[in-house]
Amino acid sequence: MKITMAHGAGGEAMQRLIKNVILKHLSFNPKISVEVALEDLDDSAVVEDIVFTTDAHTVKPLFFPGGDIGVLSVSGTVNDLAVMGAEPLALSSSFVIAEGFPLEDFEKILESMRQTCERAGVPIVTGDTKVVERNALDGMIVTTAGVGRRSESLDRNIAVVRKHREFEGRWLKDSNVQDGDVIIVSGSVGDHGVAILSFREGYGFESEVCSDVKPLNKMIERALQEGGIVAMKDPTRGGLANALNEFAAKSGVGIEIFEDRIPIKEAVRAACEMLGIDALEIGNEGKIVLAVVRECADAILQALRETEEGRDAEIIGYASKGVRGVVMRTSVGGRKIVEPPLGDPVPRIC
Ligand code: MG
């Protein structure tokens, strides 16, 4: 068997590659305390109370409407730390650059990284630079890693959860969702993938849709202060469909969502219709999905809406023992199973 694009697409093929190949070789029992491990396949790991994550960025093209690989590489790692409930502290960045790459473009990317770091309040403190032959790589790959720590806001958030129901563990893992929890999305879905696809292929929707790429740690901090969040995810590759299926599978509970409550921009809807792709399967880089205690849902929704990043937040459904997997009530009154996407309708967007 050979690796295909589907193996990197964030859907089922990638899940199989990770579980059957990567975990098979890399898993072992270490002597240190690993609270959230490789096998959890969560947004970050937690080792000796340090939250730790890494991401390689291969977006094509490097500059796109609403951002570039610099904004993306900083935001993606900051967000993966923040959705665990952690306070992001610092990042590393490694550049693999193709021979012949314009210095001017490299400086633009570095400037974007600095601006995004400033917005998030998280510095890059270490890194590496390599150059490879021009035929070995298309432009540049940027890999970032990040560390974060426990914050008072996370402790406060969990204390609020425990006023309403039992809650084991100390982090916001995908496996924490229970029957009755409310599902919130922090804004419109599909923007990032559609903006890149449209710009790359010249479909013309990019004049109306920009990538949503941005660091979300400040919005998340605000929601944690409100309290009552049990799990969070950034619906990147595989989109909302994949994020919800991960919640459902890892938590062992069904999720029911309502089509007419999911925020999708008109231009994204039109692009998806024309291209025959599903907005729920398209990657986002500036949104989160939250599972929250029912009693706290309205207050968290309000807290999100008070932030610039979360002003279009909506309650889109709830976790339910009554359904298996992820089920969507459609606008016309039907029921549709939302499967984890097999491949990615839009490759190389992150
Ligand atoms: Mg993530």
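Up top is the structure.
Residues numbered from 1 in each chain as written. Predicted model: local features only at pLDDT ≥ 70, side-chain atom pairs only at ≥ 80, totals over all residues. Heavy atoms only, no water.

Caption draft 1: Quick peek at the overall build of the protein chain. Regarding its fold elements, the protein chain presents 9 helices and 15 strands. For 350 residues, the compact-globule formula gives about 20 Å, and the C-alpha radius of gyration of the protein chain, at 19 Å, lands near that figure. The principal-axis extents of the C-alpha atoms in the protein chain amount to approximately 60 × 50 × 45 Å. Expressed as a percentage of its 350 residues, the buried residues of the protein chain come to 55%. A fraction of 80% describes how many contacts in the protein chain between residues 6 or more apart in sequence connect residues 24 or more apart. When the accessible surface of the protein chain is totalled, it reaches about 15800 Å², and 51% of it is carbon and sulfur. For the protein chain, the distance from the average position of its 39 positive side-chain charges to the average position of its 54 negative side-chain charges is 3 Å. (Helix = DSSP H or I, 4+ residues; strand = E, 2+ residues; numbered from the N terminus. Rg over C-alpha atoms; globule rule 2.2 N^0.38 Å. Buried < 20%, exposed > 50% of the residue type's maximum accessible area, 1.4 Å probe, protein only. Contact = heavy atoms within 4.5 Å. Areas by Shrake-Rupley, 256 points an atom, 1.4 Å probe, with all protein chains shown as cover. Lys, Arg positive; Asp, Glu negative; His and termini not counted. Charge placed at Lys NZ, Arg CZ, Asp CG, Glu CD.)

Caption draft 2: Spotlight on the nonpolar core. Membership of the largest hydrophobic core comes to 97 residues, with the highest contact counts inside it found for Met-140, Ile-184, Ile-257 and Leu-280. Among the elements that make up this core, the one with the highest residue count is helix H2 (residues 69-82) (7 residues). Residue contacts for Met-140: discarding those within four places in its chain leaves His-57, Leu-62, Ile-69, Phe-95, Val-96, Ile-97, Phe-101, Phe-106 and Ile-109. (Core = buried A, V, L, I, M, F, W, Y, C linked by side-chain atoms within 4.5 Å.)

Caption draft 3: Region of interest: the coordination of the magnesium ion. Protein-derived ligands of the magnesium ion are Asp-43 (OD), Asp-80 (OD) and Asp-234 (OD), with the metal-ligand distances lying across 2.1 Å. Going along the chain, you hit the donors of the magnesium ion in the pattern D-x36-D-x153-D. With a gap of 154 residues between them, Asp-80 in helix H2 and Asp-234 in the loop between strand S10 (229-233) and helix H7 (239-251) connect regions that are remote in the sequence. (Donors = N, O, S within 2.8 Å, 3.2 Å for Na, K, Ca; no water.)

Caption draft 4: How the structure looks around the packing of helix H5 (residues 191-201) against helix H8 (residues 266-275). Between H5 and H8, the least distance of the axes is 10 Å, while the angle of their chain directions is 60 degrees. Judged by the angle between their axes, H5 and H8 are oblique. The two elements H5 and H8 meet at a crossing, and its hand is left-handed. Residues Asp-191, Val-194 and Leu-197 of H5 form the contact with H8, whose own contacting residues are Val-268, Ala-271, Cys-272 and Leu-275. Taken together, the residues of the contact of H5 with H8 break down into 6 nonpolar, no polar and 1 charged. (Axes fitted to C-alpha atoms, helices over the stretch in contact; angles between N-to-C directions. Parallel < 35°, antiparallel > 145°, perpendicular 65-115°, else oblique. Left-handed = near helix turned anticlockwise from the far one by under 90°. Nonpolar A, V, L, I, M, F, W, Y, C, P; charged D, E, K, R; others polar.)

Caption draft 5: A look at a nonpolar patch on the surface. Judged by side-chain polarity, Val-21, Ile-22, Leu-26 and Leu-38 come together as a nonpolar surface patch covering roughly 330 Å² of accessible area. Its place among the elements puts Val-21 in helix H1 (residues 12-26). (Patch = residues over 30% accessible without salt bridge, like charges linked within 9 Å, V, L, I, M, F, W, Y side chains within 5 Å. Salt bridge = Lys/Arg side-chain N within 4 Å of Asp/Glu carboxyl O.)

Caption draft 6: Structural detail: unusual backbone geometry. Cis rather than trans, the peptide bond between Lys-60 and Pro-61 has omega equal to 0 degrees. Considering the arrangement of structural elements, one finds Pro-61 in the loop between strand S3 (50-57) and strand S4 (63-64). A positive phi is found at Leu-41, a non-glycine position, where the angle reads about 45 degrees. By secondary structure assignment, the location of Leu-41 is in the loop between strand S1 (34-36) and strand S2 (45-47).

Caption draft 7: Quick look at the sheet that holds S2. What the 6 strands build is an open sheet, ordered S1-S2-S3-S8-S6-S7; its pairing is mixed. Single-partner strands in this sheet number two, and they are S1 and strand S7 (124-132). When strand polarity is set aside, the average angle formed by the axes of neighbouring strands in this sheet is 20 degrees. Of the strands in this sheet, S3, strand S6 (87-98), S7 and strand S8 (140-149) touch H2, which is tilted by about 150 degrees from S3. (Pairing = 2+ DSSP bridges.)

Caption draft 8: Quick look at the environment of Asn-79. Summarising the element assignment, Asn-79 is placed in helix H2. When its relative accessible area of 2% is taken as the criterion, Asn-79 is described as buried. Residues contacting Asn-79, with those up to four places away along its chain left out, are Lys-214, Pro-215, Leu-216, Asn-217, Asp-234 and Glu-285.

Caption draft 9: Region of the structure containing the side chain of Ser-92. Residue position: Ser-92 is located in strand S6. Residue Ser-92 is classed as buried on the basis of its relative accessible area of 18%. Ignoring sequence-local partners within four residues, the contact set of Ser-92 consists of Ile-124, Thr-126, Thr-143, Thr-144 and Ala-145.

Caption draft 10: Layout of the pairing of S3. Of the pairings in the sheet, the one linking S2 to S3 comprises 3 bridges and is antiparallel in character. Pairing of Val-46 across the sheet is with Val-51, part of S3. If you look at the hairpin formed by S2 and S3, you'll find 2 residues sitting between the two strands, and Glu-48 has a positive phi there, around 50 degrees. Of the strand pairs in this sheet, S3 and S8 are connected by 8 bridges, and their pairing is antiparallel.

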